[in-house]
Amino acid sequence: MKQLDFINKVFHADARTLLRALPTPSIDLVLADPMFGVSKNPKPRATYDWGVDPAGGNADKWWEYHGPIYEQCRRVLKPGGTLAWAMGFKFHERFAEWFGGYRIWALSRFKRQGINSSGHIWVVQTAEQTPIRYPDKDGLIEMDTKPALRKCHPCPKAVSEMVWMVEALTRPGQIVFDPFCGTGSTLVAAGLLKRKFLGCDLSERYCRVAIKRLKDLKLLNGDVTK
C-alpha cells in the first residue's frame, strides 16, 4: 500500500491486518484508545457492537492481542514519531514491561453541567520509546460528546480531548493514525486541525458513523474502505 492509498480514509478492518499493509515509515502520530481490557463483568455500556472485550479484565490476554499492534504501530512511525495510548490505570504495573520508556499524561475531564471531573491517562513516547514530557499547557478538557454517540458506542472519545492531544503532538500536514477509531473523534480532531488522518475499526457500524461525522464537517469525500 502506498502512502496516498491510505491518507484521509477510514477502513473497516482489524488493526493487525491494516498495519501489515502500511509502509515503513509513514505515520507521524499514532493516537489510540484501545479496547478496555479492565472489566471482568461487562455491562451493556461496556460492550461493543461486535461483542464484549475478550480480555475480560486479564492483563495477559489484553497484551496478547494489543502487543503485536503496538509493535506494528512503532514500525510504521517515522523516526522521532509519536505514540500515545489511552490506558486504564488498572494495568499500570505492567506499563514499563509493555512500553519501555514513556511519560504518563494525565488529563482532567469535566462536563459543564456537572460539578465533578474524572481523570484520564495517556502513555506517551517516541517511536524509539523515548519518554515525551507533558506540554506546558493546562490539561483540563470539557467533554463534548453528543448523547447520540454515547448510545452508539460504549466509550466514544471526546473531540475536545483529541484536539488537545493532536495539537500537542503534531504540526499541520502531518499524518495521524487511530487503529481503534470507533466513531471517529480522533479523525475529526485531526481534520479540524489540518492534519491528515487514517483510521480503522472492527465495527463497520462505527466506521460509517465516523464517515458521516467527517462528511458533515466537510473533512472527507470518501466512504468506508474494506
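Residues numbered from 1 in each chain as written. Predicted model: local features only at pLDDT ≥ 70, side-chain atom pairs only at ≥ 80, totals over all residues. Heavy atoms only, no water.

**Considerations on helix H2 (residues 59–76)**
Two residues of an α-helix separated by three or four positions point the same way, owing to the 3.6 residues in each turn. Taking 1.5 Å per residue as the helical rise, H2 with its 18 residues ought to reach 26 Å, and the 25 Å between its terminal C-alpha atoms agrees with that figure. Along its length, H2 shows its largest kink, about 40 degrees, at His66, and proline Pro68 lies within four residues downstream of that point. All of the buried residues along H2 are Ala59, Trp62, Trp63, Tyr65, His66, Gly67, Ile69, Tyr70, Cys73 and Val76. Sitting at the amino-terminal end of H2 is Asn58, which places a side-chain oxygen 2.9 Å from the backbone nitrogen of Asp60. (Helix = DSSP H or I, 4+ residues; strand = E, 2+ residues; numbered from the N terminus. Expected span 1.5 Å × (residues − 1). Bend = angle between axes of the 7 residues up to and from the residue. Buried < 20%, exposed > 50% of the residue type's maximum accessible area, 1.4 Å probe, protein only. Polar contact = N/O pair within 3.5 Å; in protein donor to acceptor, adjacent residues only side chain to side chain.)

**Here we look at the packing of aromatic side chains**
Counted according to the given criterion, the structure contains 18 aromatic pairs. Judged by centre distance (6.0 Å) and plane angle (20 degrees), the rings of Trp62 and Trp63 are stacked. With respect to burial, Trp62 and Trp63 carry one shared label: buried. Plain terms: the ring middles of Trp63 and Phe99 are 5.5 Å apart, the flat faces sit at 75 degrees to each other, and that makes the pair edge-to-face. Here the residue Trp63 occupies a position in helix H2, and Phe99 occupies one in helix H3 (residues 95–99), the gap between them amounting to 36 residues. Take Trp63 and Phe99: they sit in the same class, and that class is buried. In this structure an aromatic cluster arises from ring pairing among Trp62, Trp63, Tyr70, Trp85, Phe91, Phe95, Trp98, Phe99, Tyr102 and Phe180. In this arrangement the basic side chain of Lys137 is found over the ring face of Trp164, its NZ or CZ atom lying 4.3 Å from the centre. (Phe/Tyr/Trp six-rings, centres within 6.5 Å; stacked < 30°, edge-to-face > 60°. Lys NZ or Arg CZ within 6 Å of the ring centre and 35° of its normal.)

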